[in-house]
Amino acid sequence: MKYYRGTQFVPMKGMAEMYYEADEEDNVIRCMTVVPSTGEVERMDKPVIKKLFRPEMLESVGSEDFEKYWGR
């Protein structure tokens, strides 16, 4: 598995981090959105996004970064 992180601004909440778990063909298995300033974590074990678009624009992270939020 491969793991990625992207960021984006969310009005009235601040910066959000999106985490993606993908297979070798960049098909998304699980994903979640984390808002560190509020502690919100929205998990999606059946993501709407099925394939990563331009994964080179995302930051590659380790599985431990993904799992620390998924397990909350």
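Now for a quick tour of the structure. (Residues numbered from 1 in each chain as written. Predicted model: local features only at pLDDT ≥ 70, side-chain atom pairs only at ≥ 80, totals over all residues. Heavy atoms only, no water.)

### With respect to the side chain of Asp26
Part 1 of the argument: Take Asp26: it is sitting in the loop between strand E2 (14–22) and strand E3 (28–35).
Part 2 of the argument: Residue Asp26 is classed as buried on the basis of its relative accessible area of 15%.
Part 3 of the argument: In contact with Asp26, other than residues within four places in its own chain, are Lys2, Tyr4, Lys50, Lys51, Leu52 and Pro55. (Helix = DSSP H or I, 4+ residues; strand = E, 2+ residues; numbered from the N terminus. Buried < 20%, exposed > 50% of the residue type's maximum accessible area, 1.4 Å probe, protein only. Contact = heavy atoms within 4.5 Å.)

### Observations concerning the sheet that holds strand E5 (residues 59–61)
Part 1 of the argument: Strand order in the open sheet formed by five strands is E4-E3-E2-E1-E5, and the pairing between neighbours is antiparallel. The sheet is open, and its two edges are formed by strand E4 (40–44) and E5, each paired on a single side. Strand-to-strand twist in this sheet, taken as the mean axis angle between neighbours without regard to direction, amounts to 25°.
Part 2 of the argument: Here E3 pairs with E4 via five bridges, running antiparallel. The residue of E4 that forms the bridge with Val35 is Glu40. (Pairing = 2+ DSSP bridges. Axes fitted to C-alpha atoms, helices over the stretch in contact; angles between N-to-C directions.)

### Describing the packing of aromatic side chains
To describe a pair of aromatic rings, one takes the distance between the centres and the angle between the planes.
Part 1 of the argument: Within this structure, the stated rule accounts for three aromatic pairs.
Part 2 of the argument: Here Tyr19 and Tyr69 contribute two aromatic rings whose centre-to-centre distance is 5.4 Å and whose plane-to-plane angle is 45°, an arrangement assigned as tilted. Residue Tyr19 is located in strand E2, and its partner Tyr69 is located in helix H1 (residues 63–70); the two are separated by 50 residues in the primary sequence.
Part 3 of the argument: Here Tyr69 falls in the buried class, since its relative accessible area comes to 11%.
Part 4 of the argument: Relative to Trp70, the ring of Phe66 has its centre 5.5 Å away and its plane inclined at 15°; by these criteria the two rings are stacked. Remark: Trp70 and Phe66 occur in helix H1; sequence separation between them is four residues, near one turn of the helix. The two residues Phe66 and Trp70 agree in class, both being buried.
Part 5 of the argument: Directly above the ring of Trp70 sits Arg30, whose terminal nitrogen or CZ lies 4.5 Å from the centroid. (Phe/Tyr/Trp six-rings, centres within 6.5 Å; stacked < 30°, edge-to-face > 60°. Lys NZ or Arg CZ within 6 Å of the ring centre and 35° of its normal.)

Bear in mind that shape data such as this cannot, by itself, settle questions of function.
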